[in-house]
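The residues making up each chain are set out below.
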Number of protein chains: 2
Amino acid sequence: MSPAATSPPVACTVCGARYEHERLVVSCICGGLLELAPPAPLTSEHVDTLETGPWRYAAALPRVPAAGRVRLGEARTPLVPVRIDGADALLKAEYALPTGSYKDRGSAVVVSLLHHVGVTEVMDDSSGNAGASLAAYAAAAGMRCVVYVPASNSSGKLAQIRGYGAELRPIGGDRAAAMRDAAAADGAPFYASHNRMPAFIAGVSTLGFELWEDLGHAAPAVVVVPAGHGSLVLALAHAFRALRSGGSIDRLPRLIAVQAQTRSALSAAWSSGRDEVTALDHGPTIAEGVAAVRPLYGGQLLRAIRESHGDVLTVTEHEIAAALRDLGRLGHYVEPTSAVAVAGFRRLAGSNTATNDTVVVLTGSGLKSAWPDAEMGEMFSG
Amino acid sequence: MSPAATSPPVACTVCGARYEHERLVVSCICGGLLELAPPAPLTSEHVDTLETGPWRYAAALPRVPAAGRVRLGEARTPLVPVRIDGADALLKAEYALPTGSYKDRGSAVVVSLLHHVGVTEVMDDSSGNAGASLAAYAAAAGMRCVVYVPASNSSGKLAQIRGYGAELRPIGGDRAAAMRDAAAADGAPFYASHNRMPAFIAGVSTLGFELWEDLGHAAPAVVVVPAGHGSLVLALAHAFRALRSGGSIDRLPRLIAVQAQTRSALSAAWSSGRDEVTALDHGPTIAEGVAAVRPLYGGQLLRAIRESHGDVLTVTEHEIAAALRDLGRLGHYVEPTSAVAVAGFRRLAGSNTATNDTVVVLTGSGLKSAWPDAEMGEMFSG
């Protein structure tokens, strides 16, 4: 069983002020973005082996009593060995989570925390997956839920959000417009921003702990993930730091963040050795989940990747489509965002920097994408 | 670890002739349908505790060496307690399987068996879920796959089948026409009929074994499932017989088969005490998975339900839509076929025959349905 929780508090990225998760602030009093404070060490003794899903690592999460945790039956996600272009990869199938996306790890924790402190109405802005995930957990908690989405997004995701009984607010304009409108909304409901609440990142960090358990209490050599605002990168960095400081692993896995070439702000900053990330927009991408023009936590991302001796790669729309098709032909039907990571893995494999314990995270289900038939026909032909 | 396999062979439902699974016949030489022969006893000692997914119960499955098993990373599916209309239910979330449907249990076993004996091309007819599942496992095995589908089916499912690289053959006309066309196709590929290969039912029977493990090596009191051709009913009956004959459980769970009122051939036979089922078609249903006009294994279904002291219920389209909406509002986004079972549970709960270890099987993901917006708006309003 897990010892007393040692949940890390929240720290301002600008002035360093600290808050408890229960304060539910989405930005510092100075206006700065919040991040998770450095994690407490995590060892096997902190794992609650009677639990599956995020609460198995409750010791590293905001404190919510067991009876107050909102659950949809989160199983441990599969880790599937495959060969891609003659190189070995371990696919972490996050699409097997309840709403079909890794975001469930974060939503489970955020909604449990909000429910625990008495919040009854929540809202978020989302390109789709985070909105569906928040809607599902809010439904399970009996909360009202409002989701701001770009009206142009995949109809499959919008249908799913409505299916959970949430109120959809389609916004003309892009993802950033949806975020502005959500942030500017008056009064209730509470803005449960998956991009701004560190409790969300804490939930997603359970992916790192789970990988460590999947591999027999060892770290993978390399983890390849798609990067939009970078929640996966930050969450994995947090988890592996906690494991290393507990002596549970002896080195940090190399974190490889993969971007679409059309939305490669992080890559541009990385290549030129900068410490901050500025906006960059070279056009649209079929990978909705990495369509961020400017990653919110750019500086933190760069530092986390550097600390891990990782890298930032970009892939073309053509490479994303090819990876999507080839993944399907391995039996994994994923959304284009997941294919971004696989396309990145191919780059690594081509340069012989992939190893046989390289993990590639498949972030979401292909069932959500619902491409127009013509577009899909083109993508899957040849 | 599991002892030597005691896989039951296949028996003809008409003349009783027996075949080994490896013979790969889809009907008896006399023309009769094949079924699984009575199962060998199953106890805890037969469970391969190092495995998850169907092969955890390899002792009860066709013999395929571990190295030849085709895997997509099948996790144990969640069993989630909920309250519906004031009654307790345990939702078995089969939508968490790799392709989003319980059919993966059967496809994993069928494709492994076919792969093991050297088959390289397969085909099936399907309303969608079985086709997607076969396509995924065939892809993982490197097999060519052809799927005959009614052209009018959910576009989400058709996109998924194509996503796995399978060749779609859309058939004008209904589900039965797709089946006739598939059966009449010349030569290769092999007709890997999920409705006719007992190895498919053997795979699905692992749901019963898993429920028994989920409940701490006990049988649930009642299991509620949607019934089309009845593969779930037959598979659960098979599993629970194996567990009872091994002394692993002391009574058979009551099997409650739920049909759409418009496709209630089984119910009509049940109510009038007949031993066989004749065709019945009172119009369409939104629940594609239970749209069978005449269950292929009608007599077997009736006997299995009777032996379990179970029941057959029918539910209206309105009840299905209401259950679908209410399930979403509990955080479970499922296809209408799953809602059929929940609507059936409500009938039980209303008659006080549900107990607090009543399992309701959620067969497939709502992400596959992709209802037209207008229809969906209507379904989810109010």
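It should be noted that the structure appears before, not after, this text.
Residues numbered from 1 in each chain as written. Chains lettered and ligands numbered in written order. Predicted model: local features only at pLDDT ≥ 70, side-chain atom pairs only at ≥ 80, totals over all residues. Heavy atoms only, no water.

Draft legend 1. Broad picture of the overall build of chain A. Along the backbone of chain A there are 12 helices and 13 strands. On C-alpha atoms alone, chain A measures out to a radius of gyration of 19 Å, which is about the 21 Å that the 2.2 N^0.38 rule sets for 382 residues. Principal-axis analysis of the C-alpha atoms gives chain A an extent of 55 × 50 × 40 Å. At a minimum sequence separation of 6, the contacts of chain A that also span at least 24 residues come to 70%. Carbon and sulfur atoms make up 52% of the accessible area of chain A, which totals about 12700 Å². For chain A, the centre of its 32 positive side-chain charges and the centre of its 36 negative side-chain charges are spaced 2 Å apart. (Helix = DSSP H or I, 4+ residues; strand = E, 2+ residues; numbered from the N terminus. Rg over C-alpha atoms; globule rule 2.2 N^0.38 Å. Contact = heavy atoms within 4.5 Å. Areas by Shrake-Rupley, 256 points an atom, 1.4 Å probe, with all protein chains shown as cover. Lys, Arg positive; Asp, Glu negative; His and termini not counted. Charge placed at Lys NZ, Arg CZ, Asp CG, Glu CD.)

Draft legend 2. Spotlight on the relation of the copies chain A and chain B. Of the transformation superimposing chain A on chain B, the axial component is 0.0 Å and the angular component is 180 degrees, with the fit at an RMSD of 0.0 Å. What the superposition gives is, in effect, a two-fold axis relating one chain to the other. Of all interface residues in chain A, 100% are interface residues in chain B too; the two copies therefore contact each other through one and the same surface. (Least-squares fit on C-alpha atoms with pLDDT ≥ 70 in both.)

Draft legend 3. Inspection of the pairing of strand β6 (residues 121–125) of chain B at higher detail. Residue and element names in this part refer to chain B. With respect to burial, β6 is a largely interior element, four of its five residues being buried. Relative to strand β7 (residues 144–150), β6 is paired through five bridges, and the arrangement is parallel. Opposite Asp125, over in β7, you have Tyr148 as the bridge partner. As judged from the two bridges shared by β6 and strand β9 (residues 190–191), these two strands associate in the parallel manner. In the sheet register, Met123 faces β9, and the bridge partner there is Tyr191. (Buried < 20%, exposed > 50% of the residue type's maximum accessible area, 1.4 Å probe, protein only. Pairing = 2+ DSSP bridges.)

Draft legend 4. Inspection of the nonpolar core at higher detail. Counting 184 residues, the largest nonpolar core has Leu114(A), Val122(A), Leu266(A), Leu114(B), Val122(B) and Leu266(B) as its most contacted members. The contacts of Val122(B), once residues within four sequence positions are left out, are Leu114(B), Leu134(B), Ala138(B), Met143(B), Arg144(B), Cys145(B), Val146(B), Pro189(B), Phe190(B) and Ala192(B). (Core = buried A, V, L, I, M, F, W, Y, C linked by side-chain atoms within 4.5 Å.)

Draft legend 5. Seen up close, the sheet that holds strand β9 (residues 190–191) of chain A. As summarised here, the arrangement of the four strands in space is β8-β7-β6-β9 (chain A), forming an open sheet in which the pairing is parallel. Every interior strand has two partners, whereas the edge strands, β8 (167–171) and β9 of chain A, have only one.

Draft legend 6. Layout of the packing of helix α10 (residues 317–328) of chain A against helix α11 (residues 336–350) of chain A. All names here are of chain A. Between α10 and α11, the shortest axis-to-axis distance is 8 Å and the interhelical angle comes to 100 degrees. Classed by the angle they form, the pair α10 and α11 counts as roughly perpendicular. Packed against α10, whose contacting residues are Glu319, Ile320, Ala322, Ala323, Leu324, Asp326 and Leu327, the element α11 presents Pro336, Ala339, Val340, Val342, Ala343, Arg346 and Arg347 at the interface. Broken down by class, the residue content of the contact of α10 with α11 amounts to 10 nonpolar, no polar and four charged. (Axes fitted to C-alpha atoms, helices over the stretch in contact; angles between N-to-C directions. Parallel < 35°, antiparallel > 145°, perpendicular 65-115°, else oblique. Nonpolar A, V, L, I, M, F, W, Y, C, P; charged D, E, K, R; others polar.)

Draft legend 7. Structural detail: the packing of aromatic side chains. In the structure shown here, the tally under the stated rule is four aromatic pairs over all chains. For the pair Tyr164(A) and Tyr333(B), a centre-to-centre distance of 5.5 Å together with 50 degrees between the ring planes defines the contact as tilted. Residue Tyr164(A) is located in the loop between α3 (155–163) and β8, and its partner Tyr333(B) is located in the loop between α10 (317–328) and α11 (336–350); the two belong to separate chains. In this structure Tyr164(A) comes out as buried when scored by relative accessible area, which is 3%. (Phe/Tyr/Trp six-rings, centres within 6.5 Å; stacked < 30°, edge-to-face > 60°.)

Draft legend 8. Seen up close, the environment of Pro54(B). For Pro54(B), the location among the structural elements is in the loop between β3 (34–36) and β4 (79–84). The residues touching Pro54(B), leaving out its near neighbours within four places in the chain, are Leu61(B), Glu74(B), Arg105(B), Ala108(B), Val109(B) and Thr206(B).

Draft legend 9. Representation of the environment of Ala202(B) in the model. All names here are of chain B. Within the secondary structure, Ala202 sits in helix α5 (residues 198–204). The exposure class assigned to Ala202 is buried, which follows from its relative accessible area of 1%. Remark: the alpha-carbon pair of Ala202 and Ser231, spanning 29 residues in sequence, is separated by 9.8 Å. Excluding residues within four positions of it along the chain, Ala202 makes contact with Leu36, Ala60, Leu61 and Pro62.

Draft legend 10. Region of interest: the sheet that holds β7(B). Residues and elements named next belong to chain B. Strand order in the open sheet formed by four strands is β8-β7-β6-β9, with parallel pairing between adjacent strands. With one partner strand each, in any of the chains shown, β8 (167–171) and β9 form the two edges of the open sheet. Those strands touched by helix α2 (residues 129–141) are β6 and β7, and its axis lies near 170 degrees from that of β6.

Draft legend 11. Here's a closer look at the side chain of Thr99(A). Mapped onto the elements of the fold, Thr99(A) is located in the loop between β5 (87–93) and α1 (103–116). The exposure class assigned to Thr99(A) is buried, which follows from its relative accessible area of 1%.

Draft legend 12. Structural context of the interface of chain A and chain B. Listed as interface residues are 35 residues of chain A and, on the opposing side, 35 residues of chain B. Between chain A and chain B, roughly 2700 Å² of surface is buried when both sides are summed, and carbon and sulfur atoms account for 63% of that area. Three residues stand out in chain A for area buried against chain B, namely Arg162(A), Tyr333(A) and Leu367(A), and they jointly supply 22% of the buried area on that side. The tally of links from chain A across to chain B stands at four residue pairs in polar contact (both at pLDDT 80 or more). Looking at the side of chain A that touches chain B, the elements with two or more residues in it are α2 (129–141), α3, α10 and α12 (373–380) of chain A. Tallying contributions element by element places α3(A) first for the side of chain A that touches chain B, with five residues. Broken down by class, the residue content of the side of chain A that touches chain B amounts to 17 nonpolar, 11 polar and seven charged. (Buried area = accessible area lost by both parts, 1.4 Å probe. Polar contact = N/O pair within 3.5 Å; in protein donor to acceptor, adjacent residues only side chain to side chain.)

Draft legend 13. Summary view of the pattern of salt bridges. One pass over the full model with this rule turns up 48 salt bridges over all chains. The salt bridge partner of Arg325(A) is Asp326(A), with a shortest N-O separation of 3.3 Å. Judged by its relative accessible area of 22%, Asp326(A) is partly exposed. Where Lys92(B) meets Asp214(B), a salt bridge forms, and the shortest distance between an N and an O atom there is 2.5 Å. Taken together, the positions of Lys92(B) in strand β5 (residues 87–93) and Asp214(B) in helix α6 (residues 206–214) put the pair 122 residues apart, joining distant regions of the chain. (Salt bridge = Lys/Arg side-chain N within 4 Å of Asp/Glu carboxyl O.)

Draft legend 14. Structural view of α6(B). Residue and element names in this part refer to chain B. Within α6, eight of the nine residues are buried, leaving the element largely enclosed by the surrounding structure. When α6 is considered as a whole, its buried residues turn out to be Thr206, Leu207, Gly208, Phe209, Glu210, Leu211, Trp212 and Glu213. Taken together, the buried residues of α6 touch β4, β5, α1 (103–116), α5, α7 (231–245) and β13 (358–362). Immediately downstream of α6, the backbone of Gly216 shows phi near 70 degrees, a positive value.

Draft legend 15. The arrangement of the pairing of strand β10 (residues 222–226) of chain A in detail. Residue and element names in this part refer to chain A. Judged by how many residues are buried, β10 sits mostly within the fold: five of five residues are covered. Of the two faces of β10, the one holding Val222, Val224 and Pro226 and the one holding Val223 and Val225 are both buried throughout. In terms of strand pairing, β10 meets strand β11 (residues 254–260) through five bridges, oriented parallel. For Val223, the partnering residue across the bridge sits in β11 and is Leu255. Handedness of the crossover is the feature at issue here: the chain leaves β10, passes through helix α7 (residues 231–245), returns alongside β11, and the resulting connection is right-handed. Pairing of β10 with strand β13 (residues 358–362) involves three bridges; the strand directions are parallel. Bridge pairing links Val222 to Thr358 in β13. (Right-handed = clockwise from strand over helix to strand, strands pointing away.)

Draft legend 16. Highlighting the packing of α2(B) against helix α3 (residues 155–163) of chain B. Residues and elements named next belong to chain B. For the pair α2 and α3, interaxial distance at closest approach is 8 Å and the crossing angle is 15 degrees. Relative to α3, the element α2 is oriented roughly parallel. α3 is crossed by α2, and the crossing has left-handed handedness. Of the residues in α3, those touching α2 at Asn129, Gly131, Ala132 and Ala135 are Lys157, Gln160 and Ile161. (Left-handed = near helix turned anticlockwise from the far one by under 90°.)

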